[in-house]
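Okay, here's what each chain looks like letter by letter:
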Amino acid sequence: MSKEMENLKSEIIRSSGVNPKKCMRCGKCTGTCPAFDEMEYHPHQFVYMVESGDIEPLLNSKSLYKCLTCFACVDRCPRGVEPAKLVEAVRLSVIRKQGANHLKADDIPALLDDEMPQQAIVSALRKYSK
Amino acid sequence: MKKVAYFPGCTLKTKAKELDRYARKSAEALGFYLDEIENWQCCGGVFTTSRNEIATKLSSVRALADAQKKNQTLITVCSACHNVIKQTNHAMQTDEEFALKVNNYLGAGNEYDGKTKVLHYLEYLRDEVGFEEVAKKVVKPLTGKKIAAYYGCLLLRPNSVMAMDDPENPTIIENLIKALGGEAVVYPYRNECCGGYIALEDADSAKKKSTSVVASARSHGAEIIVTACPLCKYNLEKNNPEAKVVYFTDLLAEALGVKEDGNE
Amino acid sequence: MQRIGVFVCWCGSNIAGTVDVEKVSEALKNEPGVVFSTNYQYMCSQAGQDIIKDAIAEHKLTGIVVCSCSPRMHEATFRKTAAAAGLNSYMVEIANIREQCSWVHKDMQSGTEKAIILGKAAVAKVNLNAPLTPGESPVTKRALVIGGGIAGIQTALDIAEAGFPVDIVEKKPTIGGKMAQLDKTFPTLDCAACILTPKMVDVAQNDKIRIFSYSEVEEIGGFVGNFTVKIKKKARYVKEDVCTGCGICTEKCPQKKVPNEFNMGMDNRRAVYIPFAQAVPKVATIDPNYCTMLKTGKCGVCAKVCTAGAIDYTQKDEIIEEKYGAIVAATGFNPISMDKFDEFAYNQSKDVITSLEFERLTNAAGPTAGKLLRPSDGKHPHTIVFVQCVGSRCDACAEKGKEYCSKICCMYTAKHAMLTRDKYPDTDVYVFYIDVRTPGKAFDEFYRRAVEEYGVHYIKGMVGKVSPEGDKLMVRASDLLANKQLNIAADLVVLAAAIEPDKSARPLATMLTASMDTNDFFTEAHPKLRPVESPTAGVFLSGTCQGPKDIPETVSQASAAAAKVIGLLAKDKLMGNPCVAQSNELMCNGCSSCERVCPYGAITYADKEFRMPDRTVAIRRVAMVNEAVCQGCGACTVACPSGAMDLKGFATSQIIAEVDAICK
């Protein structure tokens, strides 16, 4: 593992509060994930890849923006690993960089319709942008 | 009349005005008053789980601190606001480092110690008012209506923090429906995600999730789906135009006879 | 003044790796009373013990200190060594410089410093030690087995075989336990009833064994060799000695809507019932929660139809008091509640069942007469999903589930899957597993047969959610090897629920003053070397009350426990523990504080005559300790406000000397 990845891994673990070593590889998170089809890397892979320092592919994956933060994996994990928190920490490590926002304010008007509640916009901005 | 601190949230002031209005009217019919806290700010819609996210949680902490100053329980109606505020409160109670940083922001004299009790309107009805009392005040029972509760994610999860109900087999909205004289339809997708904010950038993904929810409710015989969340309502309606989705406060106001007719 | 010898053990590198043993023996040489000090590689070895014996003789030692491992490990060894050299065993003190020192310290300097301090404390204590002689107590030659499952049955049969009388207390109306509910047993597929019921009959026919069925232990007093136990025989409203077990009452009783616990509530029984055909004792029991006669006084059908005249609505609970030399806990297990795991929809669909329910569904004596039919609609299921590890192997911090592996589920699930495919080749059977654990004789071969010969689909992954839709159960799960999410439309879902100790175990442990772990399994005296004994003398462990076990393991442990009981009952007398409390009558003010805190009932009071300074005689109430009953726990010594109570071998003065030595 490169020094850079090692730093990134410890930052992700620290800010998420997740200990990926607790995972027993049962895959219940992935078995329960409603965004499975949209994701390239699935919740159990996030846990495993962060643990083994193979984080690079995650940084560039659209999976980061497909997680719904529905917490199904968090509640159903028998080991209390909380994969969604890990996904969020990896995403933050990307979008906190200058100019790395996934969703830009200028893009929003085109995505709106008349009924869409404010809640959707602020939530998406929170999740996708800094 | 008993006053409780109330955090309406931005959507309840715009797209979901009826969620707010019927919550207030029903409260008064049930003998409590939603005392809107001053200068509240948007909760942000989602709780950022990272422990080093401080700024985005300050608006929730300010709301919690305001309620504490009034020595009142803090009530929310919107599932999203509720989720964010309850999780923020939990972080203030359990994560010392986080709490310290937050209080540094708030400045001396404005610190918040995590003591405010946060309840969802539904919890307040169940635990403080009592569904039996609610039932006694019903003037127009929802007799014969097959109503499916849609919890989504935000009301129930993470259960260790929300602690509102059994996250896999909840009963709180069903019991409210029964108290209002309706027939509660139980179906397995009531605690599955509607797609949430993904609707903004991946409408197909949201469509898939919300159509399965509605299909599940219908296959179990539901005529009406009831929710506490504007975004859930949007996703379910948008992707299932034929489905009838209403806020729980709508049904509540109707049953209590405080829903004005016509222009709504 | 004592003449003390100090013996510092290296324990190979276990101690010597972190503690400078040479320095320790050197430092302790100068302590008051010490006339000899040495160190050696393994003090517990024959050569090491010889060093001690020789030193006792050569230096005329009156006390010794061994700086070594925990006294739990080798105190007994060194006491024997001392005794062999003519020294009183209680003149031996152990300074634990391994567990409390070398194993917990990383650097040599602090390890050595602490070892010296612990050694000094032990020397200070030996200086105040006095020879002690253990008393003797007789042994009641009768054993009590609590729990009448296969564990209790095997233990009782083995003890009886050796010629000692045994009583079995079973809270249910029949013995047999969980094994009686099983269909086939892995990996040989013998019918459980066929191998269990002959043993149950053996128990019934053995004149050394008494069965107290429908009974519970109420109170336990006394100590090893001399327990006094109160057993509550619950009123079954049927005279056990008159009932012929004909079963006519169980057919005529009009109350038909009682959930049948033997069939896991999947069918109903009557208010008067015999749990199953081979029950022992085969007598009826009236369930007072459902019997109309007992509840309202109107019915009496069973009494009318009973030709033997065995029904007695006026029966009362009966307390039986009996003396025992040894007690065996064999309280067994239960599957955990599935309430906290409703992502699997156990509470939302009748067709989501536990494995024990599945056993009943496939058992010829079960609710479907052995036909595999769905509980909801009685239809034959075509797609069956088994979910492993439900509630087992959970995180300690998670609020649901157990941290341990329940051990039996992998094998019984393989059995269920195999038998289903064997009997119903038209079924698709899926097993979702995290790991398949098969460490047992012919176990892995069995599991492979399920896969290779019977075509059971084993999928590595966990089920995330079960959704009842129409008459199907939609199972969403992950297939980790294929990196896929599966959606299976199943007809029946079977959950391998974790197992936990029976709820009666915790109160029993309290009565026995036996220790338990955080999961409420009984703790062994030593996890490897004394696995069937509780640390509480005279209490033995049989079966799953000690930890998850399958039948062969349970039976082995049951027989092992019996062997230990027989070893105890074969003795005529037991040597007691001389480290018991003693009351200084001159200081005792008769306040009863000690009596109130004594967990063993070892303290009594007597009025005694005392001669006063003015030559008059006064009568004062003072505490007296029954040395045979006292276990030396020391509770009384701290409770006593006047300092009259002291513990032999652990006198307050000795403890203070130790503390002083440490703080010096």
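Criteria and cut-off values
- Residues numbered from 1 in each chain as written.
- Chains lettered and ligands numbered in written order.
- Predicted model: local features only at pLDDT ≥ 70, side-chain atom pairs only at ≥ 80, totals over all residues.
- Heavy atoms only, no water.
- Contact = heavy atoms within 4.5 Å.
- Buried area = accessible area lost by both parts, 1.4 Å probe.
- Salt bridge = Lys/Arg side-chain N within 4 Å of Asp/Glu carboxyl O.
- Polar contact = N/O pair within 3.5 Å; in protein donor to acceptor, adjacent residues only side chain to side chain.
- Helix = DSSP H or I, 4+ residues; strand = E, 2+ residues; numbered from the N terminus.
- Buried < 20%, exposed > 50% of the residue type's maximum accessible area, 1.4 Å probe, protein only.
- Pairing = 2+ DSSP bridges.
- Axes fitted to C-alpha atoms, helices over the stretch in contact; angles between N-to-C directions.
- Nonpolar A, V, L, I, M, F, W, Y, C, P; charged D, E, K, R; others polar.
- Domains from an automatic or database assignment.
- Disulfide = S-S within 2.5 Å.

Right, let's talk about the interface of chain A and chain B for a bit. When the parts of a complex come together, some accessible area is lost, and that lost area is often taken as the interface size. Counting residues at the interface gives 44 residues for chain A and 47 residues for chain B. Taken over both partners, the interface formed by chain A and chain B buries close to 4,000 Å², and the fraction arising from carbon and sulfur atoms is 53%. Joining chain A to chain B, the criterion identifies 9 salt bridges. In this structure, the salt-bridge partner of Lys208(B) is Glu38(A), at a minimum N-O distance of 3.0 Å. Applying the counting criterion to the chain A and chain B interface returns 26 residue pairs in polar contact (both at pLDDT 80 or more). Mapped by element, the contributors of at least two residues to the side of chain A that touches chain B are α1 (3-16), α5 (72-76), α6 (83-95) and α8 (118-128) of chain A. A total of 9 residues in the side of chain A that touches chain B trace back to one element, the largest contributor, which is α8(A).

Turning next to helix α8 (residues 172-179) of chain B. Residue and element names in this part refer to chain B. Extensive coverage of α8 is indicated by the burial of 6 of its 8 residues. Taken residue by residue, α8 has Ile172, Ile173, Glu174, Leu176, Ile177 and Ala179 as its buried positions. At its buried positions, α8 is contacted by α5 (121-129), α6 (131-136), β5 (146-149), β6 (183-185), β7 (224-227) and α11 (248-256). Gly181 sits one or two positions beyond α8 and adopts a positive phi of about 90°.

Here we come to the sheet that holds β7(B). Paired through backbone hydrogen bonds, the strands of a sheet run either parallel or antiparallel to each other. Residues and elements named next belong to chain B. Taken in spatial order, the 4 strands line up as β6-β5-β7-β8 in an open sheet, and their pairing is parallel. On the outer flanks of this sheet lie β6 and β8 (245-247), each paired with one strand and no other. For this sheet, the mean angle separating the axes of adjacent strands, direction not counted, is 40°. Judged from the 3 bridges that link them, β5 and β7 form a sheet pairing that is parallel. Its bridge partner being in β7, Ile147 is matched across the sheet by Ile224.

Another point: the interface of chain B and chain C. Facing the 11 residues of chain B at the interface are 10 residues of chain C. For the chain B and chain C pair, buried surface summed over both sides reaches about 920 Å², with 36% attributable to carbon and sulfur atoms. Linking chain B with chain C are 2 salt bridges. With a shortest N-O distance of 3.3 Å, Glu192(B) and Lys465(C) are connected by a salt bridge. Between chain B and chain C we count 9 residue pairs in polar contact (both at pLDDT 80 or more) in total. Partitioned by chemical class, the residues of the side of chain B that touches chain C number 2 nonpolar, 5 polar and 4 charged.

With that out of the way, let us pick up the domain arrangement of chain B. All names here are of chain B. As far as domains go, chain B holds domain 1 (2-121) and domain 2 (131-256). Just the C-alpha atoms count here: the centres of domain 1 and domain 2 sit 23 Å apart. Listed per partner, the contact involves 22 residues of domain 1 and 21 residues of domain 2. Carbon and sulfur atoms supply 75% of the area buried between domain 1 and domain 2, which totals about 1,900 Å² over both sides. Counting the surface domain 1 buries against domain 2, the share from its top three residues, Leu19, Leu30 and Ser79, is 27%. Taking the shortest distance from any N to any O, the salt bridge between Glu18 and Lys233 comes out at 4.0 Å.

This part is about α5(B). Given 3.6 residues per helical turn, the α-helix brings residues three or four places apart onto the same face. Of the residues making up α5(B), those classed as buried are Tyr121(B), Leu122(B), Glu123(B), Tyr124(B), Leu125(B) and Val129(B). With its phi angle positive at about 95°, Gly130(B) sits one or two positions after the end of α5(B).

All names here are of chain C. This model, assessed by the stated rule, comprises 1 disulfide over all chains. Cys405 takes part in no disulfide bond, and the closest cysteine sulfur to it belongs to Cys410, at a distance of 6.4 Å. Of the residues examined, Cys405 reaches a relative accessible area of 31% and is grouped as partly exposed.

Here we take up the pattern of salt bridges. The final tally for this structure, using the stated rule, is 70 salt bridges over all chains. The closest approach of N and O atoms between Arg210(C) and Glu322(C), which form a salt bridge, is 2.7 Å. Of this pair, Arg210(C) sits in strand β10 (residues 209-212) while Glu322(C) is found in strand β17 (residues 318-324), placing the two residues 112 residues apart along the sequence. Under the relative-accessibility criterion, Arg210(C) is labelled partly exposed at 33%. Judged by relative accessible area, which is 18%, Glu322(C) ranks as buried. Linked through salt bridges whose partners overlap, the residues forming this network are Arg76(A), Glu168(B), Glu192(B), Lys465(C) and Arg476(C).

Our next topic: the side chain of Asn235(B). All names here are of chain B. Turning to its location among the elements, Asn235 is positioned in helix α10 (residues 230-239). For Asn235, a relative accessible area of 1% puts it in the buried group. Excluding residues within four positions of it along the chain, Asn235 makes contact with Cys194, Gly195, Gly196, Ala199, Ala206, Ser210 and Asn240.

Let's shift gears to the domain arrangement of chain A. Residue and element names in this part refer to chain A. Splitting chain A by domain gives domain 1 (3-96) and domain 2 (103-130). Distance between the C-alpha centres of domain 1 and domain 2: 24 Å. Counting residues at the interface gives 7 residues for domain 1 and 4 residues for domain 2. Per-residue buried area on domain 1 facing domain 2 is highest for Tyr65, Arg91 and Ile95; these three make up 65% of the total on that side. At the boundary of domain 1 with domain 2, the tally comes to 1 salt bridge. With its nearest N and O atoms 2.4 Å apart, the salt bridge here joins Glu88 to Lys127. The tally of links between domain 1 and domain 2 comes to 4 residue pairs in polar contact (both at pLDDT 80 or more). A per-class count over the side of domain 1 that touches domain 2 returns 3 nonpolar, 1 polar and 3 charged.

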